[in-house]
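# Notes for the structure review
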Amino acid sequence: MVAAKTLYDKVWDAHVVRQEADGTCLLYIDRQLVHEVTSPQAFEGLKLANRQPWRTSSMLAVPDHNIPTKDLAKGITDPISRLQVETLHDNCREFGVTEFNIGDPRQGIVHVMGPEQGATLPGMTVVCGDSHTSTHGAFGALAHGIGTSEVEHVMATQCLIQKKMKNMLISVDGKVGAGVTAKDIVLAIIGEIGTAGGTGYAIEFGGDAIRALSMEGRMTVCNMAIEAGARAGMIAVDETTIQYVKGRPYSPKGDHWEKAVAAWQDLHSDADAQFDRVVRLDAASIKPQVTWGTSPEMVLPVDGMIPDPAQESDPVKAGAIRAALQYMGLQANTPITSVQVDKVFIGSCTNSRIEDLRAAAAVAKGKKLASNIKLALVVPGSGLVKQQAEQEGLDKIFIEAGFEWREPGCSMCLAMNDDRLEAGERCASTSNRNFEGRQGQGGRTHLVSPAMAAAAAITGHFVDARSL
Amino acid sequence: MDPFVVHTGVVVPLDRPNVDTDAIIPKQYLKSIKRTGFGPTLFDDWRYNEPGEPGMDHSKRQLNSAFVLNLPRYNHASILLGRENFGCGSSREHAVWALTDYGIRSVIAPSFADIFFNNSFKNGLLPIALDSAVIEQLFRETEAQQGYQLTVDLPNQQVVTPSGQTFDFKVDEFRKYCLVNGLDDIGLTLRHADEIRAYEARRQQQAPWLF
Ligand code: SF4
């Protein structure tokens, strides 16, 4: 009898080229996505060693981190950013790598672009020099971030040197309540297992509440697997996956499509597969979430109170709470709904897809920004998402409410362009990291879902979006 | 890559958990297209009083005298002592480049984030995970004794304290081999080029849509 396998085991096993005695493997990589920030040193390394990429057709490149989100016609004014974007372009030309450059409607955040183009397929191994590559695991792919040396290694050899990770199942059982989104589910998971809870594991997300999510919701969940410490998050393939993939530019066609769909039917964990760790959450108990601190695990349900370090017995944790309260300018034991925000950011590879924009627009429709909101940005994940939103009239809803409607890119998720927080400013953000200085030095980030971000923009403070 | 064999150096304690890669090297410095020059901006937001930008003369900026790296007793430290989940967050290898460019050769902590851990080995920076109780002891000793040094012995997989106490650590055989010999792993992998081609040929039969 063949031993029962997890989804991760199956995709892993199908990609092992060779294995050393100590378990170190050469793992074959099907798809490498490339962006401007983590690739220049890798291309340079290839050139210095006089090497060629192994298989350029496996690569797809897009600039995203440095892209300005307005006045694109002026080009990139920051010379250092411009040089980095131009370097990507030059490298792609020199090595024959397909690139979706500025002005191409397919340009956008690398993790939005890949699935949108069908460049991410079930059962693939996908890497990118970016930790949120975990996003692509939503397709039953093994996808994770790598460093620049590994980017160069994959370019040169099509392989990665890897040891197998452990298997973790996170099962979200039952049904979430109305108005509770994928973002709330994943924040609740991180609150439960902590930011290091998934370290050393590939996480498979399962359970009815995950099965019920759209592909976009599944991408939001897998996107933040890395925020739970796991390089890779995965979700089994089902009809939802296959319908999403069908007909996209890079998806298989004709005969290949039939064959591929047949092969993908096996991309789920066997019923009796063993996991090294299993975590179960009750979907019905999950409420809309808001982070209060400087790590994604510092998260509360919207009706929660900001924690008190005096109640924490572990001195290292109590110290971390104290430091976070100080950085965030918050008082212990106050309700999170009493916290006012200055800026709102709707975007990032976590929440910038069409369904995210629809959810935010549904809240903003016919309303106006609260008077204390200095800036509310909506940054679509790609040019195609932007076009779609405009066809649906979402741009008008946002603009009428007082939001700014911008060009696609990473934007204020990490503030490498001009979109950023000033010191002390507080932001309701749909991105994935609330680290100190992430959105600008001294900036204070609270992670929320698109609906919750729009609700904060309208009321000026955190509020349960379901109550509006 | 510089080989790592045995290293003795001053220890600097960074007493906070979840030190993320945004803190190790803030995003504005990721615009560089080089691998070098990140040392002066290591821990930039914590290390200086005013915000920094690429292209500044960092030697002229005002240091935050309270930040541990700036205390004279930790001048020239080459071993960083950390807490849980060190290096969490992004995949930016710039975090490792900043540490090595500053002069750090080894980071000792109870646990590391996976991608940071991987990236370290590619750049001759040795991450060592030790038991929390041992880390606690090392924090106490480092803070109690000015100029406190540790010896990291990779071939024997031991950390040695000034009093001669030793703590064993684990490291993958393959990684150790590469680090001790300062080897470029692309060259090593390309020795198996035939196997990679054979795999590709097989795979192309089974899953032609991937090619
Ligand atoms: S949107 Fe944010 S998290 Fe996603 S790739 Fe861009 S910078 Fe990274």
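For the structure itself, consult the block above.
Fair warning: this is a prediction, and the values are worked out from it, not measured in the lab.

### Re the overall build of chain A
The number of helices and strands found in chain A is 15 helices and 19 strands. At 21 Å, chain A has a C-alpha radius of gyration in line with the 23 Å of a compact globule built from 468 residues. On the principal axes, the C-alpha backbone points of chain A span a range of 55 × 55 × 45 Å. Here chain A holds 468 residues, and the buried ones make up 66% of them. Restricting to contacts in chain A with at least 6 residues of sequence separation, those with at least 24 account for 75%. Within the structure as shown, chain A displays about 15500 Å² of accessible surface, and the carbon and sulfur contribution to it stands at 49%. Placing the 45 positive and 55 negative side-chain charges of chain A at their respective mean positions leaves the two points 1 Å apart.

### Some points on the site of the ligand
Residues and elements named next belong to chain A. Surveying the vicinity of the ligand reveals the residues His65, Ile109, His111, Asp130, His132, Ser348, Cys349, Cys410, Cys413, Leu414, Asn432 and Arg438. Here the ligand is seated within the largest cavity. Of the residues belonging to the shell around the ligand, the class tally is 5 nonpolar, 5 polar and 2 charged.

### Points about the layout of surface pockets
Taken as a whole, the second largest pocket encloses approximately 800 Å³ of empty space. Lining the second largest pocket we find 36 residues, and of these Glu297(A), Met298(A), Lys317(A), Ala320(A) and Asn18(B) sit closest to its centre. Only α6 (182-193), β14 (299-301) and α11 (315-328) of chain A provide two or more residues apiece to the lining of the second largest pocket. A per-element tally of the lining of the second largest pocket places α11(A) first, with 8 residues.

### Quick word on the interface of chain A and chain B
Taken together, the contacts link 77 residues of chain A with 57 residues of chain B. Approximately 5500 Å² of surface area, both sides summed, lies buried where chain A meets chain B, with 57% of it carried by carbon and sulfur atoms. Looking only at chain A, the three residues that lose the most surface to chain B are Gln41(A), Trp54(A) and Gln441(A), adding up to 12% of its buried area. Taken together, the links from chain A to chain B amount to 8 salt bridges. For the salt bridge of Lys31(B) with Asp78(A), the shortest nitrogen-to-oxygen distance reads 2.6 Å. At the boundary of chain A with chain B, the tally comes to 34 residue pairs in polar contact (both at pLDDT 80 or more). Elements with a contribution of two residues or more to the side of chain A that touches chain B: β1 (16-19), β2 (25-28), α2 (40-48), α3 (79-95), α5 (148-157), β8 (159-162), α10 (254-264) and α11 of chain A. Broken down by element, the side of chain A that touches chain B gets its largest block of residues, 7 residues, from α5(A). For the side of chain A that touches chain B, the residue count by class is 29 nonpolar, 29 polar and 19 charged.

The rules behind each value
- Residues numbered from 1 in each chain as written.
- Chains lettered and ligands numbered in written order.
- Predicted model: local features only at pLDDT ≥ 70, side-chain atom pairs only at ≥ 80, totals over all residues.
- Heavy atoms only, no water.
- Helix = DSSP H or I, 4+ residues; strand = E, 2+ residues; numbered from the N terminus.
- Rg over C-alpha atoms; globule rule 2.2 N^0.38 Å.
- Buried < 20%, exposed > 50% of the residue type's maximum accessible area, 1.4 Å probe, protein only.
- Contact = heavy atoms within 4.5 Å.
- Areas by Shrake-Rupley, 256 points an atom, 1.4 Å probe, with all protein chains shown as cover.
- Lys, Arg positive; Asp, Glu negative; His and termini not counted.
- Charge placed at Lys NZ, Arg CZ, Asp CG, Glu CD.
- Near = heavy atom within 4 Å.
- 1 Å grid on protein atoms, 1.4 Å probe; cavity = no way out; pocket = protein on both sides within 12 Å on 5 of 7 lines; lining within 4 Å.
- Sits in = over half its atoms within 2 Å of the grid points.
- Nonpolar A, V, L, I, M, F, W, Y, C, P; charged D, E, K, R; others polar.
- Points joined across faces, edges and corners; volume = space filled by probe spheres on them.
- Buried area = accessible area lost by both parts, 1.4 Å probe.
- Salt bridge = Lys/Arg side-chain N within 4 Å of Asp/Glu carboxyl O.
- Polar contact = N/O pair within 3.5 Å; in protein donor to acceptor, adjacent residues only side chain to side chain.

That's the geometry; what it means functionally is another story.
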